[in-house]
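Notes for the structure review
Chain by chain, the residues:
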Amino acid sequence: MIVSKSKRLTIVSVFIIFILAFVISLCGWEQAIATPIIGTKEEMGAWETLPMPPPADRMQSVHTILLPNGKVLVVNGSSFRTTQVKEQENVDLVEGVDVRNYDVINNTGLLDPVTGKFERIPSPPSIQAGETNDLFCTGHLQLSNGNILFVSGTGRYYPGGAFTGNRQINLYNWKTGTWSALKPLKQGRWYPSLISLADGKVVIFSGLKVDAPNQINPTLEIYDPKTEKLQYIDLTTVKNSPFNTKLKDVDSYDSIDLYPRVFPTADGRLLITGDEAGIAGVLVPHSSKKSYLMSIKENTEGTLSVSFEVGPDRAESSKAYGTALQVPNSEDVLLLGGIIGTNSINFGRLNNTQGFPPGSRVATSLQRWLSPAKSGEKNGKWEIVPNFLDKPRANLQSVILPTQEILVVNGGQYPEYKPVYEPLLMTAAQDAPGGYQTKPMNPAKLPRLYHNGALLLPDARVLAIGGNANRALRDEDGTVHVDILQDAKTYYKFADLRDKSGQKKEFNLEEYYQNPQSYFAKGDEEPFVPAEIWQGEVFSPPYLFKPGSRPKIVKAPSSLAYSQSNTISVKNATQDGSLVLVKLGAVTHSFDYGQRLAQLPIENVVLADESSISFKTPENKNLYPPGYYMMFYLNNVGKPSLAKIVKLAA
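Residues numbered from 1 in each chain as written. Predicted model: local features only at pLDDT ≥ 70, side-chain atom pairs only at ≥ 80, totals over all residues. Heavy atoms only, no water.

Looking now at the sheet that holds strand S29 (residues 366-370). With antiparallel pairing, four strands are arranged side by side in an open sheet as S25-S26-S29-S30. Because the sheet does not close on itself, it has two edges, and the strands there are strand S25 (323-326) and strand S30 (381-385). Each neighbouring strand pair of the sheet contributes to a mean axis angle of 20°, computed without reference to strand direction. Where strand S26 (residues 333-336) meets S29, four bridges bridge the pair, whose relative direction is antiparallel. Considered in S29, the bridge of Leu 334 is made with Arg 368. (Pairing = 2+ DSSP bridges. Helix = DSSP H or I, 4+ residues; strand = E, 2+ residues; numbered from the N terminus. Axes fitted to C-alpha atoms, helices over the stretch in contact; angles between N-to-C directions.)

Even without a glycine there, the phi angle at Phe 80 is positive, about 60°. With respect to the helices, strands and loops of the structure, Phe 80 is situated in the loop between strand S3 (72-75) and strand S4 (81-87). Phi at Asn 351 is positive, roughly 65°, even though this residue is not glycine. Inspection of the secondary structure assignment puts Asn 351 in the loop between strand S27 (339-340) and strand S28 (361-362).

Enumeration according to the criterion identifies ten cavities of 30 Å³ or more in this entry. Approximately 170 Å³ is the volume attributed to the largest cavity. Lining the largest cavity are 18 residues, and of these Asp 254, Ser 255, Asp 257, Gly 274 and Ser 318 lie nearest its centre. The residue inventory of the lining of the largest cavity, partitioned by class, reads seven nonpolar, four polar and seven charged. For the second largest cavity, the calculated volume is near 130 Å³. Lining the second largest cavity are 17 residues, with Pro 53, Phe 118, Ile 465, Trp 534 and Gly 536 positioned closest to its centre. (1 Å grid on protein atoms, 1.4 Å probe; cavity = no way out; pocket = protein on both sides within 12 Å on 5 of 7 lines; lining within 4 Å. Points joined across faces, edges and corners; volume = space filled by probe spheres on them. Nonpolar A, V, L, I, M, F, W, Y, C, P; charged D, E, K, R; others polar.)

Below you can see the structure in the form of structure tokens.
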């Protein structure tokens, strides 16, 4: 008997409902929703665990960047650690690490996602031009030539979780694998955001100063790769900038917080959404619902200036450690999840929300900025779906897929507590709230909280990597301990671990990675999460298990120009396939500064053993700036090819 696809889906759905009802009746509702449903790979995707690197090469991935050669650059710098000092029989824990020590900051690697091999590579020097040079909490972005621009990083760790930013600019050459130093910044910029412009310049927003802990830099700098020069602009003197906009009901001006979520618009302006990834102890308002649009002008002498318009208000105040993205093939912007009311990553640890500002919580919302073209408003407008996510999520990631779906992955119900293992697949649906419907995917194996990463790979799988639950502990000889918890008196301590029955159990790293649910800290019902996660995973979305042969791009140009017609050759093509460009990812702190998706209009299809597909390249350089992109061909059922990495050149 032949069963139609729709009937098969109905059978699967009925089966899942039956299993869920059985679990609810057996365990109760709370336990049932905590137990993930495992589905078929065709419906809910599949996970693979990457090989664990040898001990000397193990590290997390605070900064995760896809290179034009298909490899993944992993950068950590000093890696959010504290120091254990042993003097004779005395042991002392010193908050932070000495970033002047090269061994402390030398935590960089390359991952080959095809083979799963990970290798450690040299980091830049720890002292450069007489100043510290730690890439922990840097800002980064691929330039149009594929090289990676790194801006600032940690100047120094201070007691109480405070930091300063360094003034360094480092450049990683993806072809040679070498580092070079550029002219330093005028000020420090710990936690900056880098945004590409249509002409290849890069705008650098926010960050902490070099000379004062936890002080926001109220300026911006614009880097020109052609001249390797910076232009510095003080935003406190610019009308309608956030630093000159008084907030209602609060005796304060607005601000541009750390790692601000900023996006280009079709007309070349930059949308400053108000969401961010700030830290506790920085004096910023948490009640602002404002967004801003910034314009950049260049005079005949090459001098740049900026102007601001106060944009539409959002329904929720600014959120920390939510994710944000530009809607695929669109100007619209989405904000998902995040912490409201506080920037503290300690919010909710051990389910404790006491001592934080009233109303602090982790959001389940989706906010969508509708572009001027869609909204009819000059500066667009915001809409909100308050309960869009299945559960509160902070430190989550959003990955744009070749199908124009979005994978929400990683993070926790609190910033560093209660990991969320199940991704959500967002599929565009015109009549759905926020324009998307969601579906849970199969759960990952490992928890990924603060400092996790996720990005799309050229084979159309999704890499999930890294994660912090606490600061790890580093001995002076370089040994790193991850069985660490916070402590009110000593700041951090070794965890008193038990098994499920409550019996004491010594931490064993190999056993943990075999069974991540096997350790429990005394007094905590949630499974113990190590301070750093050192093993990566790869998720294959359901589209990779669709029936039929996978398309293959046989021939494609290595470089594309804007607004031009071009042709590729594709094996296993179909008459009504599609073609997209996805910009290479560059992710840190729940935000991918690289990813964009442009659908390429198909002008003609000639089917053959190697079909000829004619298409038109993107027109808008503001939304799709010059640089390297993955080109995916998708057949009529949405099964993607392997990507051809191409350069979109001005």
